[in-house]
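Observations on the model geometry
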Amino acid sequence: MEENNIRIDLYNMDNTQTEHLLEVAERIKKHESPFGKGVLKPYQLEYKGVKEDFFTVGHGHRIYGEVKESYSQEEIDTLFEDDFKKAMTGAMELIGNNHPPEVLGVVTEMVFQLGYNGTSKFKKTLKHINNNEYTLASTEMMDSNWAKQTTERAESLSAIMGNIK
């Protein structure tokens, strides 16, 4: 997969939605890996002195099963495409497809980072989104452990949500 070559054909999206989700994919890459290039060697993140008990590679892809010493760029790109589609599908299950593309983009990135189950716990945020109350959703996003742990990313996504009309 080359840059901006993610096949988003699952939901018959219009060009505006598709273009925006391609931008979201690039934003996720920048949040998940240095310079958005993808990390070829598996690593374990450490938070407050505690290492994760799993390895990550590429653009934030959690490795299940055998961990290889290194991955090719093609493997990283394929993993990202699959992870992105899974995140987008999860976001659509949580909020549907009747919101501005920016809303779907924010929720897709949350699902990418936190998983479907993690994002589904944002009950008030999701309620506000589904009531088209994006400013209130933005505020609720910041009232979370997620916002404390990844403050810059949460603030960025909250700002996007808060500016949706």
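If you're wondering where the values come from, they're calculated on a predicted model, not measured in any experiment. (Residues numbered from 1 in each chain as written. Predicted model: local features only at pLDDT ≥ 70, side-chain atom pairs only at ≥ 80, totals over all residues. Heavy atoms only, no water.)

Remarks on the overall build of the chain
Basically, it comes down to this: Every helix listed is a DSSP run of H or I at least four residues long, and every strand listed is a run of E at least two residues long, numbered separately from the N terminus. A radius of gyration in this sense is built from C-alpha atoms; the matching globule rule multiplies 2.2 Å by the number of residues raised to 0.38. A 1.4 Å probe rolled over the protein chains alone gives each residue an accessible area, and that area as a share of the maximum for its type sets the label: buried under 20%, exposed over 50%, partly exposed in between. Contact criterion: two residues are considered in contact whenever any of their non-hydrogen atoms come within 4.5 Å of each other. Throughout, the Shrake-Rupley method with a 1.4 Å probe supplies accessible areas, and for residues the shown protein chains are the sole cover considered. The positive count covers Lys and Arg only, the negative count covers Asp and Glu only, and His and the chain ends enter neither. Lys charges are placed at NZ, Arg charges at CZ, Asp charges at CG and Glu charges at CD.
Of the regular secondary structure elements, the chain holds seven helices and five strands. Shown N-terminal to C-terminal, the secondary structure of the chain runs as helices and strands in the order α-β-β-β-β-β-α-α-α-α-α-α. Taken against the 2.2 N^0.38 rule, which gives 15 Å for 165 residues, the C-alpha radius of gyration of the chain at 16 Å falls within 12% of a compact globule. Its C-alpha atoms give the chain principal-axis dimensions of about 45 × 40 × 25 Å. Classification of the 165 residues of the chain by burial places 44% in the buried group. Summarising the internal contacts of the chain: among those between residues at least 6 apart in sequence, 54% fall at separations of at least 24. Entry remark: accessible area of the chain is about 9500 Å², with carbon and sulfur atoms responsible for 48%. Of the side-chain charges in the chain, 19 are positive and 27 negative, and the distance between the mean point of each set is 6 Å.

Concerning the nonpolar core
Stated precisely, the cut-off is as follows: For our purposes a nonpolar core is just a set of buried Ala, Val, Leu, Ile, Met, Phe, Trp, Tyr and Cys residues, chained together by side-chain atoms within 4.5 Å.
If you look at the biggest cluster of nonpolar residues, it comprises 31 residues, and the most contacted ones within it are Ile95, Val107, Ile129 and Met161. For this core, the secondary structure elements donating two or more residues are α1 (15-32), α2 (73-95), α3 (101-120), α4 (123-130), α5 (134-141), α6 (145-149) and α7 (151-162). Contacts of Val107, omitting those with residues within four sequence positions, involve Ala91, Leu94, Ile95, Thr119, Ile129 and Met161.

What to know about α2
Note that an α-helix has 3.6 residues per turn; residues three or four places apart therefore point the same way. Worth spelling out the cut-off: Given a helix with a known number of residues, its expected span is that number minus one, times 1.5 Å.
Under the 1.5 Å per step criterion, the end-to-end length of α2 is 32 Å for 23 residues, consistent within 8% with the ideal 33 Å. Where α2 terminates, the next one or two residues include Gly96, which has phi positive at roughly 75°.

Looking at the sheet that holds strand β4 (residues 56-58)
The cut-off we apply is this: A pair of strands is treated as paired once DSSP finds two or more bridges between them.
In spatial order, the strands read β1-β4-β5; together these three strands make up an open sheet with antiparallel pairing. Every other strand in the sheet has two partners, leaving β1 (39-43) and β5 (61-62) as the edge strands with one partner each.

Here we look at the packing of aromatic side chains
Rules: Two rings from Phe, Tyr or Trp (for Trp, the six-membered ring) form a pair when their centres are within 6.5 Å of each other. A pair whose planes differ by under 30 degrees is stacked, one over 60 is edge-to-face, and the rest are tilted. Over a ring means this: the NZ of a Lys or the CZ of an Arg is within 6 Å of the ring centre and within 35 degrees of the ring normal.
For the coordinates displayed, the defined rule picks out three aromatic pairs. Between Phe80 and Phe112 the ring centres are 5.5 Å apart and the planes differ by 50°, which places this aromatic pair in the tilted class. With Phe80 in helix α2 and Phe112 in helix α3, this pair connects stretches of sequence that are 32 residues apart. Accessibility expressed as a relative area gives 11% for Phe112, which makes it buried. Taking the ring centre of Tyr71 as reference, the NZ or CZ of Lys68 above it sits at 4.9 Å.

Here's the deal with the confidence of the model for the chain
So the rule is basically this: Known as pLDDT, the predictor's per-residue confidence is scaled from 0 to 100.
Residue-level pLDDT values for the chain average 89, and 92% of them are 70 or greater. Here residues 1-5 is modelled with pLDDT under 50, and outside its nearest four sequence neighbours on either side it reaches eight contacts, counting other chains as well.

Focus: α4
Test applied: The directions from the helix axis to the C-beta atoms form the arc being described.
The complete set of buried residues in α4 reads Thr125, Leu126, His128 and Ile129. Relative to the axis of α4, the buried residues are bounded by an arc of 160° and lie together on one face. For α4, the exposed residues set more than 90 degrees away from the buried face come down to Lys123, Lys124 and Lys127. Downstream of α4 by one or two residues, Asn132 has phi in the positive range, about 60°.

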